[in-house]
Amino acid sequence: MTCSPLPPDLSGTSPSHPDRSPGAVPLAARPLRQAVDWAIVSRRSVRAFLPTPVDLAEVHAILDVARHAASGMNTQPWRVHVLMGSAKERLSAAIAAVDNDADAAAALAEPYHYYPLEWVSPYVDRRRKVGWDLYGLLGIARGDKARMHAQHGRNYHFFDAPVGLIFTVSRALAAGSLLDYGMFLQSLMVAARARGLGTCPQVAFTRFHAVIHAELCIPATEMVVCGMGLGHADPARIENTLVTERESVESFTTYHA
Ligand SMILES: Cc1cc2nc3c(=O)[nH]c(=O)nc-3n(C[C@H](O)[C@H](O)[C@H](O)COP(=O)(O)O)c2cc1C
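Notes on the structure in this doc start here. Throughout, a residue's number is its position along its own chain's written sequence, starting from 1. Residue-level local features of this predicted model are given only where pLDDT is at least 70; pairs of side-chain atoms are given and counted only at 80 or more, and the full residue set underlies all totals for whole chains, interfaces and linings.

Next up on the list: unusual backbone geometry. Peptide bonds are mostly trans, and most non-glycine residues show a negative phi. In this structure, the amide linkage connecting Ser-121 to the following residue, Pro-122, adopts the cis form with an omega of 5 degrees. As for its position among the elements, Pro-122 is in the loop between helix H4 (102-106) and helix H5 (123-138). Of note, Met-73 is a non-glycine position whose phi angle comes to about 55 degrees, a positive value. To sort residues by burial, count the other C-beta atoms lying within 10 Å of each one's C-beta; a count of 20 or more means buried, 12 or fewer means exposed, and anything in between means partly exposed. C-beta atoms are built from the backbone. Residue Met-73 is classed as exposed on the basis of its C-beta count, with 7 C-beta atoms lying within 10 Å. You will see that Cys-217, though not glycine, has its phi angle at about 55 degrees, which is positive. By the element assignment, Cys-217 lies in the loop between helix H8 (209-216) and strand S4 (222-231). Counting from the N terminus, the helices are DSSP H or I runs at least four residues long and the strands are E runs at least two residues long.

By convention here, the C-beta atom is placed from the backbone, and a residue is near a molecule or strand when that atom is within 6 Å of it. In the vicinity of the ligand, the residues found are Arg-44, Ser-45, Arg-47, Val-130, Asn-155, Cys-200, Pro-201, Gln-202, Val-203, Ala-204, Cys-226 and Thr-244. Tallying contributions element by element places strand S3 (residues 198-202) first for the shell around the ligand, with three residues. Only Asp, Glu, Lys and Arg are considered charged in this grouping, and only Ala, Val, Leu, Ile, Met, Phe, Trp, Tyr, Cys and Pro are considered nonpolar; every other residue, Gly among them, is considered polar. When its residues are assigned to classes, the shell around the ligand shows six nonpolar, four polar and two charged.

Don't take any of this as a statement about function, it's just geometry.
And the structure:
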């Protein structure tokens, strides 16, 4: 596959109002395929953003694309809180205050288990690798708990992204809605990528759901799914050079004929 190093020129298309008829291909097939593949394959988690603001209209346009994600029975379980400016700063400060208070942080409970309680191979190995690769790039030694805590704490400032997103789902729904949510989040990240914007999905926020509920007046009927930083990646920052590995198609696919 050839991946262009620059975002493809999608001007002239209107992502908010595409021709959604099943047979229609809005661009010539090859550029369309390249554009879609490029946006998916070149997306990375961005952990250092520039202060360059992002227009609210652009955030809206990205959400306007992402809302077309598939969901079981078209339930569309996503609910999004867009935080900018002082609202974002207030939430970050409230979470950081709890995160930096060992007793308060120990009392936190997740609204749902994103990760298993007991890790097994190969998942635990992949988890460790990405963690040590990131800390290695940042020069954080194993056992340097203070620097690890500080780096982890950058999550709660959305890695300095100008836009912070908090995603919630109704507690009346079931596990399948989290599957739907994944479709929505990936669509959002790919749409952002196609506009030259970076993202970092952040489950780190879920532990602080009580703080988030209070700060954003989220009703108890909703559950925090995760957060996300959105903005322009800082190309000078070493953490943004992290490239994670993927297993080959053969390693996870069984063909039956
Ligand atoms: C739902 C979800 C939650 C995540 N939560 C965090 C997080 O809290 N903090 C973080 O730094 N990265 C987080 N990540 C990013 C993953 O570490 C990253 O996607 C993975 O290492 C693959 O790297 P890539 O996104 O650069 O391809 C999350 C990813 C997903 C999909």
